[in-house]
2 protein chains.
Amino acid sequence: MNPHPKLCIHTITTKPWSVETAIGKYAEAGIGGITVWRQWLEGRDPEKIGERIRAAGLEAVSVCRGGFFPAPTAAERATAIEDNRQAIREAAALGAPLVVLVCGAVPGQPLAESRQQIADGIAAVLPLAEELNVRLGIEPLHPMYADDRSAINTMASANEVCDRLDHPLVGIAADVYHIWWDPDLAEQIALTGEKNRLFAFHLCDWLTPTVDLLNDRGLMGEGCIDLKGIRAMVEAAGFNGYHEVEIFSNRWWAVDQDEFLAKIVRAYGEHC
Amino acid sequence: MNPHPKLCIHTITTKPWSVETAIGKYAEAGIGGITVWRQWLEGRDPEKIGERIRAAGLEAVSVCRGGFFPAPTAAERATAIEDNRQAIREAAALGAPLVVLVCGAVPGQPLAESRQQIADGIAAVLPLAEELNVRLGIEPLHPMYADDRSAINTMASANEVCDRLDHPLVGIAADVYHIWWDPDLAEQIALTGEKNRLFAFHLCDWLTPTVDLLNDRGLMGEGCIDLKGIRAMVEAAGFNGYHEVEIFSNRWWAVDQDEFLAKIVRAYGEHC
């Protein structure tokens, strides 16, 4: 019996490992799932990687990441849409039911305009998502990424774009790092439950001090996020999917990854 | 005639200068106001600094900063309250009508609890604020400071605490750096107008990339914030106070401050 059936790790969390190494190590650690970042599929056949994942006793939870829809020109937006179609194909080939969307933003372009381009971009890829039965999970990003990574910075904003698209394949990937500070969090997570649109739940922690805006996330328990509290909120909203550990950390990437993996498993048991 | 009557600069913006140097340089540049950070008053008599400000033809716009009310123990909270009383006395001595509050947060303490401690702390200092006729401006801080600097991270949250206290001396200091990303910004700024509680308006810019969470703010025009758009919102809300330039920047503090001051004045004219 797999001792951590609901635990999933993102390949980027153990960045030094190839996807093949990650699959082997995660399975050995008794973890249930793996989320594959697209860079880890480069030069691979995603169907074969999917087989390897299942042969190891793991489930392919999602593909990270699509998105980055907004752009100043229609030609650039068309390129982004094509890249998202490719991500959907990769997820289908891998056997993953979900593509996570880091939706994108353009510095200086009004965020409302970017949100419209995001909604339009998602609408454009929905026919293929339907055909291949792949879900699309909008990940609200922390407001410190509103300049160039995502114009969707709160659960409310993600819910609003989902409402606009109103499609069973469009939902939300909730990452504690991005949303923990939000006074409306409980209410907005509850709303995702009512609408059956909470597709993923990502874990890490917020460090004090945070010394890098991108790559200084903490291991669960190292920081100030109320992980058990937020888990209770998503479970109250009916979420029973994977608990995905997604840690970008120059500090953790620099240590022995076997040791780090053991710490992830322990921290998950203690703090989540 | 003062060529920039509505322009105010925070002493921390030109960090290498003493308050005496800043007063002289700002006046020479034709600026209308100065906001004095408390560190600049150390070893000085604030009354004398106030006289010097007025003699130079400037107005003392505010004192930065009070706040940091939340703490795990009642004794620490009492110390914070006493320090805020001191800030109020300094503002009164200086002749500044406002103390800006960076309200505080404690890593790991629920933000709702911190907000209650903030409201309690402000309530505790209000009698002195009334006696000395000094306003208190809650500054919502960017969510990236929710761990240890402020549990008030949106205009909505600041408005909510103001509603709770419901006092004409309690209002909001709106800093574009902290609030520019907020989808509810226009609506929440309009609300501050209805309630007559927009006490201050701070300017700088958001850089892409931002390489330091604290000290990498941009000069107006260097970044992605829609400064004219937000200015239009505050003016539509009836705000006609100073436009305060508050830039924490290791990069700008390292250049010749006379040159930087000239650039601030130019950027203010062009981008705000």
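Residues numbered from 1 in each chain as written. Chains lettered and ligands numbered in written order. Predicted model: local features only at pLDDT ≥ 70, side-chain atom pairs only at ≥ 80, totals over all residues.

Draft legend 1. The arrangement of the interface of chain B and chain A in detail. Contacts between chain B and chain A engage 20 residues on the former and 20 residues on the latter. Of the residues contributing to the side of chain B that touches chain A, the split by class is eleven nonpolar, six polar and three charged. (Contact = placed C-beta atoms within 7 Å. Nonpolar A, V, L, I, M, F, W, Y, C, P; charged D, E, K, R; others polar.)

Draft legend 2. Region of interest: helix α10 (residues 257-271) of chain A. Residues and elements named next belong to chain A. Between its terminal C-alpha atoms α10 stretches 20 Å, which fits the 21 Å expected from 15 residues at 1.5 Å a residue. Listing the buried residues of α10 in full gives F260, L261, I264, A267 and Y268. Seen end-on, α10 carries its buried residues on one side only, within an arc spanning 125 degrees. Of the exposed residues in α10, those oriented more than 90 degrees away from the buried face are E259, A262, G269 and E270. (Helix = DSSP H or I, 4+ residues; strand = E, 2+ residues; numbered from the N terminus. Expected span 1.5 Å × (residues − 1). Buried ≥ 20, exposed ≤ 12 C-beta atoms within 10 Å, placed from the backbone. Arc of directions from axis to C-beta.)

Draft legend 3. Quick peek at the sheet that holds strand β1 (residues 4-10) of chain B. Residue and element names in this part refer to chain B. Within the closed barrel, the eight strands sit side by side as β1-β2-β3-β4-β5-β6-β7-β8. Their pairing is parallel. With direction set aside, neighbouring strand axes in the sheet form an average angle of 30 degrees. As judged from the four bridges shared by strand β6 (residues 170-175) and strand β7 (residues 198-203), these two strands associate in the parallel manner. Residue pairing across strands places I172 opposite L198, the latter belonging to β7. Each of β5 (135-138) and β6 touches helix α5 (residues 155-165); the most contacted strand, β6, lies at about 170 degrees to it. (Pairing = 2+ DSSP bridges. Axes fitted to C-alpha atoms, helices over the stretch in contact; angles between N-to-C directions.)

Draft legend 4. Summary view of the nonpolar core. Ranked by internal contacts, the top residues of the largest apolar core, which has 186 residues, are A:I34 and B:I34. When residues no more than four places from it in sequence are discounted, the contact partners of B:I34 are B:C8, B:I9, B:T11, B:A22, B:I23, B:Y26, B:I53, B:L58, B:A60 and B:V61. (Core = buried A, V, L, I, M, F, W, Y, C linked by C-beta atoms within 7 Å.)

Draft legend 5. Representation of the environment of A:A151 in the model. All names here are of chain A. Topologically, A151 is positioned in the loop between β5 (135-138) and α5 (155-165). Note on A151: 29 C-beta atoms within 10 Å, which makes it buried. Taking the C-alpha atoms as reference points, A151 and A105, separated by 46 residues in sequence, lie 5.2 Å from one another. In this view, A151 contacts P70, C103, A105, L111, S114, R115, I118 and A146; residues no more than four positions away in its chain are not counted.

Draft legend 6. The arrangement of unusual backbone geometry in detail. Residues and elements named next belong to chain A. In this structure, R65 follows C64 across a cis peptide bond, with omega equal to 5 degrees. With respect to the secondary-structure elements, R65 resides in strand β3 (residues 59-67). Backbone geometry places D166, a non-glycine residue, at a positive phi of 45 degrees. Locating D166 in the fold gives a position in the loop between α5 and β6 (170-175). Taking the number of C-beta atoms within 10 Å as the measure of exposure, D166 has 8 and is therefore exposed.

Draft legend 7. Here's a closer look at the packing of helix α3 (residues 74-94) of chain B against helix α4 (residues 111-132) of chain B. Residues and elements named next belong to chain B. Where α3 meets α4, the closest approach of the two axes is 9 Å, and the angle between their N-to-C directions is 35 degrees. The interaxial crossing formed by α3 with α4 has right-handed handedness. Contacts from R77, A80, I81, N84, R85, I88, R89 and A92 in α3 reach Q117, G121, A124, V125, L128, A129 and L132 in α4. For the contact of α3 with α4, a count of residues per class yields nine nonpolar, three polar and three charged. (Left-handed = near helix turned anticlockwise from the far one by under 90°.)

Draft legend 8. Fine view of the relation of the copies chain B and chain A. Superposition record for chain B on chain A: RMSD 0.0 Å, screw rotation 180 degrees, translation along axis 0.0 Å. Here the symmetry operator amounts to a two-fold rotation axis. Looking at chain B, 100% of its interface residues are interface residues in chain A too, so the copies touch through the same face. (Least-squares fit on C-alpha atoms with pLDDT ≥ 70 in both.)

Draft legend 9. Representation of the packing of helix α2 (residues 46-55) of chain B against α3(B) within the structure. Residues and elements named next belong to chain B. Relative orientation of the contacting elements α2 and α3 amounts to 40 degrees, with a least axis distance of 7 Å. On the basis of their axis angle, the class for α2 and α3 is oblique. Pair α2 / α3 crosses with right-handed handedness. Contacts between α2 and α3 involve P46, E47, I49 and G50 from the first element and E90, A93 and L94 from the second. Of the residues that constitute the contact of α2 with α3, the class distribution is four nonpolar, one polar and two charged. (Parallel < 35°, antiparallel > 145°, perpendicular 65-115°, else oblique.)

Draft legend 10. Examining the pairing of strand β1 (residues 4-10) of chain A more closely. All names here are of chain A. Two strands pair when backbone bridges link them, and β1 and strand β2 (residues 31-37) are joined in this way by four bridges, in the parallel orientation. Within β2, the position partnered with H10 by the bridge is T35. Regarding topology, helix α1 (residues 19-28) serves as the crossover connection from β1 to the parallel β2, and that connection is right-handed. As judged from the three bridges shared by β1 and strand β8 (residues 243-245), these two strands associate in the parallel manner. (Right-handed = clockwise from strand over helix to strand, strands pointing away.)

Draft legend 11. Here's a closer look at the environment of B:G66. All names here are of chain B. In this fold, G66 is placed in strand β3 (residues 59-67). The sequence separation of G66 and F199 amounts to 133 residues, and the corresponding C-alpha distance is 15 Å. Setting aside its immediate chain neighbours within four residues, G66 contacts N84, A87, V99 and L101.

Draft legend 12. Here's a closer look at the sheet that holds strand β7 (residues 198-203) of chain A. Residue and element names in this part refer to chain A. Spatially, eight strands are ordered β1-β2-β3-β4-β5-β6-β7-β8 in a closed barrel, and the strand pairing comes out parallel. The average undirected angle you get between the axes of adjacent strands in this sheet is 30 degrees. By the bridge criterion, three bridges tie β5 to β6 in an arrangement that is parallel. Paired with G137 across the two strands is G171, which belongs to β6. Where α1 meets the sheet, it contacts β1 and β2, and its direction lies at approximately 165 degrees from that of β2. On top of the sheet, α5 reaches β5 and β6; it is set at about 170 degrees to β6, its chief contact.

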